[in-house]
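Now for the letters of each chain:
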Amino acid sequence: MTIVNAVVQGIFLGAFYAVLACGLSIMFGVMRIINLAHGDVAVLGAYVVFVIVDSTGMSPFVAFVVALPVMIVLGYVLQLTILERSLKSGILTPLLATFGLSIVIQNLLLIKFSPDVRSLGGNAGAVTTSSWQVTSGLSVSALGLVILVVAVLLFGALQLFLSRTPAGWKMRATAEDADAAELVGINSRDVYARATALAVAIAALGGLFLAIRSVFDPLSGPTQLIFAFEAVVIGGMGSLWGTLLGGLALGVAQTVGAQINPEYSVLTGHLLFLAVLIVRYGGVRVSLRTAR
Amino acid sequence: MRVRRWTRTSKGFTGATIAIAILLATVPLVFDPNVVQKLTNLLILVLLASMWNALAGYGGLLSVGQQAFIGIGAYGTVFFAGFGVSPYPAMVLATLVAGLISIPISFLALRLRAAQFAIGMWVIAEVISIFVRLDQNLGAGTGISLIQLNQYAPNFRQAYTFWLALAFTVIFLAALFVLLRSPLGLSLQAIRDDEDAARSLGVRVASRKRLLFVLAGFGCGAAGVLIGANTLFIETGSIFSVQWSAYMIFMVLVGGLGTFEGPILGAILLFGIQTTFTQGGPWYLVGLGATATLFALALPRGIWGTIEERLGLRLLPVGYRVVEMKREETTA
Amino acid sequence: MTLVRVEELDCRYGLLQAVRGVSFEVALGETVALIGANGAGKSTLLRTIAGAHKPHSGRVLFDGTDVTSMPAHRRVSLGIALVPEGRRLFPSLTVEENLRAAAARKGRWNVQSVLEVFPVLQPRRHMAAATLSGGEQQAVAIGRALMCNPRLLLLDEVSLGLAPIVVEAVYRSLAGIISEGTTVLLVEQDLARALKVAGRVICMLEGRIVLEGEAASLDRDRVVEAYFGLKRPA
């Protein structure tokens, strides 16, 4: 029974990782950029929600709705200032530039908020504490279920966006051939900015979930980035649904590892990631494909 | 047209460099242990910067995980010393281990492309860090010290560590220098400029990159050994921290990616900043990060690279110069 | 009335000069063919007019407006559309998605009317573009440009890599489009076909215009000479 419980908990954990990874996957799929500051952006989102909750007392979920426009604007700013410029230079430039950005965000947060660990779990109400005892060895938490449902809805919505809307077609077109896209009237700058804004907004959602299900501090970013990246790689870079599956796989790997020894949880995830890399030998599919 | 390697400037500067190295050897005899410790830190930074540049600047390999080898070097020393090996020989052994471990790692890592290589190396560093942390003999989560060094009086300990640091720095810089001047070096340049074109000309890209990767493995291992010796207490959280990569990136980006002298300049700059801003804390890190990003976007060649480009200056002769021959010389 | 005018255009790739001091006009409703050997600069010229390439010097004027520094996607909204060399479809998008991804401008062209002109695409409407044959892909590429309801349609080597019978079909569809009054500037390797479809012909050699004239009245031999640069001083 404990293995079943581990897998179920792993799926809930994995859904959280999938949400974290989603934005990273979008940016890679559309612009071929891996944003090394992605985790820090998620943590920044958590802090924005925290500030709103702290000053108004509203539920974190409501606060997130308020925080969303702020994060979207931030996404546009990020694209127009740093990412757009780094796209024009070499392959290493986006990595270097976003790495520097990561350090800046972490330390600015450190200055503003001190190294204290915080959580929004207490403010989220009943959802954090409720759970159902399905059998003697298996319990399902309300929060885990919520995150899982949100993750599936999120990926589903993105899939719909990409396959049914003009903006989605334009985004896929730009991802596949930005020059040809320009020639048929698609403004690639706008598309890229939209993709980044979307990625940042979803990262903030990941930050919200991080804050509620666990704790966060200014230096939590890099850990989230690694998990997000592992999820993307395990599921296959450039595949949207692959990122969801990769997240779930990572979550399960970690919880199953924890069953063997609590200190092994993160390690098993890393090993799964490395194993996937070894099997794939670094060869990747590089198109933003919609699973059909 | 003639192809020359040495110019008057570069001959002079190389001579000066050798003189500086000899001069540096006298440091422990002149200064007190505190200063010696600080200068050891400078040498460590020079070593780290040069090794990271060897990977990224000459190999196009952006690693965010060199701290793996730093940690192996530091903990390796503790490990061997724990078995009764004398501390300084243990340090050399640990450096060798770090370099040797980089070989099997390279067979996975070098197959990966840019972002995957960067983060893949980071994950490898995390994995090694976790394994070390799980080992009770190595202090587990609380850290461990190289108590065997206590057998030396502080002055001597500091001096030996400094000399070892100087030796390592000279050896690795010299190795890199020789590498770059050899036909290997030219093929590395070709790989950096256009990998596919180089491959089609028969350049064995993979083995060239492996050479750089392993050299950097040895070098970062050596740096880790020195860090452990210089600070006496190590724990996984800080020795395997990605912060080291941040420092390396800053030094090389600001100093000059892909130039030989650039990383040294970057190391001196970082050293200067660190000594001036000891209370800085997060603000100084904000500055480092922002500067790195700025340089990546606006000054990708770094300070030295830009100077080199503008003035056509090359202080250490790692490149080739095509020289116009004077009229009289062509009638030979 | 002149729809597009090119003035002293100089286009480069780094140090390589692809187009040198080229000037010409295309009148509203005309069909002009750009011919010339490989490397003559024809594609570069077309791409510069479309906005995919920035000229070193010179101007491009569209309907009186100077569009030289205007980005490609904005030129599309003015009425220029390019069918690029090699088709450049969006591989994983379906035929219909390829068409719909293009920026729609008001006009007689929409998915329905495009599919009417290229009936071979009807059954393949929801198939990924990468799975289509060469001729079908060319049809999609032209259709995609048509979705922008262009006033000026630029076609770059539509016959490239296609079997003659397929090229025949493509040009038959084009004839229909041309007859509706769209201004067309096309690059074509096949000399005979270019002379057949165009009203006027411009021959380029090494980046310069070496011959220009009415297709009907041009002597075939003169064209061949200009094409290969045979009558140049030694």
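Residues numbered from 1 in each chain as written. Chains lettered and ligands numbered in written order. Predicted model: local features only at pLDDT ≥ 70, side-chain atom pairs only at ≥ 80, totals over all residues.

(A) Summary view of the overall build of chain A. Helix and strand content of chain A: 12 helices and two strands. Beginning at the N terminus, the succession of helices and strands in chain A can be written as α-α-α-α-α-β-β-α-α-α-α-α-α-α. Across the 292 residues of chain A, 57% fall into the buried class. Here the contacts in chain A between residues at least 6 apart in sequence split such that 74% fall between residues at least 24 apart. (Helix = DSSP H or I, 4+ residues; strand = E, 2+ residues; numbered from the N terminus. Buried ≥ 20, exposed ≤ 12 C-beta atoms within 10 Å, placed from the backbone. Contact = placed C-beta atoms within 7 Å.)

(B) Geometry of the overall build of chain C. Each helix and strand in chain C was counted, giving eight helices and 10 strands. Over its C-alpha trace chain C gives a radius of gyration of 17 Å, about what one expects of a compact globule, namely 17 Å for 234 residues. Looking at the 234 residues of chain C, the share that counts as buried comes to 45%. Long-range pairs, those at least 24 residues apart, make up 69% of the contacts in chain C with a sequence separation of at least 6. (Rg over C-alpha atoms; globule rule 2.2 N^0.38 Å.)

(C) Structural detail: the pairing of strand β2 (residues 16-27) of chain C. Residue and element names in this part refer to chain C. Bridge count between strand β1 (residues 2-13) and β2: eight bridges; the pairing is antiparallel. Within β2, the position partnered with Thr2 by the bridge is Ala27. Counting the residues that bridge the hairpin from β1 to β2 gives two residues, and of these Gly14 lies at a positive phi of roughly 65°. (Pairing = 2+ DSSP bridges.)

(D) Structural context of the sheet that holds strand β4 (residues 57-62) of chain C. Residues and elements named next belong to chain C. Strands sit in the order β2-β1-β4-β5 across an open sheet of four strands; the sheet is antiparallel. Since the sheet does not close on itself, it has two edges, and those belong to β2 and β5 (65-66), each with one partner. Against the sheet, helix α1 (residues 42-50) touches β1, β2 and β4, its axis set at about 120° to β1. (Axes fitted to C-alpha atoms, helices over the stretch in contact; angles between N-to-C directions.)

(E) Summary view of the nonpolar core. Of all hydrophobic cores here, the largest spans 268 residues; its most connected members are Val19, Val49 and Val184 of chain A, Leu48 of chain B together with Leu154 of chain C. In terms of residue count, the dominant contributor to this core is helix α9 (residues 188-213) of chain A (17 residues). Ignoring anything within four residues of it in the chain, the contact list for Val49 of chain A reads Pro60, Ala63, Phe64, Ala67, Leu120, Leu208 and Ala211 of chain A. (Core = buried A, V, L, I, M, F, W, Y, C linked by C-beta atoms within 7 Å.)

(F) Structural context of the interface of chain B and chain A. Counting residues at the interface gives 35 residues for chain B, matched by 34 residues for chain A. Secondary structure elements with two or more residues in the side of chain B that touches chain A: α6 (114-134), α12 (243-255) and α14 (282-298) of chain B. For the side of chain B that touches chain A, the leading source of residues is α6 of chain B, giving 12 residues. Here the side of chain B that touches chain A is built from residues that sort into 28 nonpolar, four polar and three charged. (Nonpolar A, V, L, I, M, F, W, Y, C, P; charged D, E, K, R; others polar.)

(G) Looking closely at the arrangement of the chains. The structure contains two pairs of chains in contact, of which chains A and B account for the largest number of contacts. Regarding chain B and chain C, the two do not touch, and the least distance separating their C-alpha atoms is 16 Å.

(H) Local environment of the pairing of strand β8 (residues 183-187) of chain C. Residues and elements named next belong to chain C. Of all five residues in β8, five are buried; the element is thus mostly enclosed. Summarising the sheet, strand β7 (residues 152-156) and β8 pair through five bridges and their orientation is parallel. Following the sheet pairing, Leu155 is matched in β8 by Leu186. At this point the chain moves from β7, through helix α6 (residues 164-179), to the parallel β8, and the crossover so formed is right-handed. (Right-handed = clockwise from strand over helix to strand, strands pointing away.)

(I) Up close: the environment of Ile44 of chain B. Residues and elements named next belong to chain B. Here Ile44 is to be found in helix α3 (residues 33-59). Spatially, the C-alpha atom of Ile44 lies 13 Å from that of Ile171, the residues being 127 residues apart in sequence. Once you skip the residues sitting within four places of it in the chain, Ile44 turns out to touch Ala165, Ala223, Leu226 and Ile227.

(J) Main features of the interface of chain A and chain C. Taken together, the contacts link 17 residues of chain A with 23 residues of chain C. Within the residue set of the side of chain A that touches chain C, elements represented by two or more residues are α7 (166-176) and α8 (178-183) of chain A. Per-class residue counts for the side of chain A that touches chain C are seven nonpolar, three polar and seven charged.

(K) Broad picture of helix α2 (residues 38-56) of chain A. Residue and element names in this part refer to chain A. The end-to-end C-alpha distance of α2, which contains 19 residues, comes to 27 Å, matching closely the 27 Å that a straight helix rising 1.5 Å per residue would cover. Summarising burial for α2: 14 of the 19 residues are buried, a large majority. Taken from the residues just after α2, Gly57 is the one with a positive phi, measuring 75°. (Expected span 1.5 Å × (residues − 1).)

(L) Just the confidence of the model for chain C, in detail. Of all residues in chain C, 98% have pLDDT values of 70 or greater, and the mean over the chain is 89. In the predicted assembly, ipTM is 0.90 and pTM is 0.88. (pLDDT = per-residue confidence, 0-100.)

(M) Seen up close, helix α13 (residues 262-276) of chain B. All names here are of chain B. Over its 15 residues, α13 extends 21 Å from the first C-alpha to the last, a length consistent with the 21 Å expected when each residue adds 1.5 Å. Residues of α13 that are buried include every one of Gly262, Pro263, Ile264, Leu265, Gly266, Ala267 and Leu270, and no others. Contacts made by the buried residues of α13 are with α3, α12 and α15 (302-311).

(N) Here's a closer look at the sheet that holds strand β3 (residues 31-36) of chain C. All names here are of chain C. The strand order β6-β7-β8-β3-β9-β10 describes an open sheet built from six strands, whose pairing is mixed. Every other strand in the sheet has two partners, leaving β6 (80-83) and β10 (208-214) as the edge strands with one partner each. Neighbour-to-neighbour, the strand axes of the sheet open up by a mean angle of 15°, direction not taken into account. Lying over the sheet, α1 contacts β3, β6, β7, β8 and β9 (200-205), oriented at roughly 150° with respect to β7.

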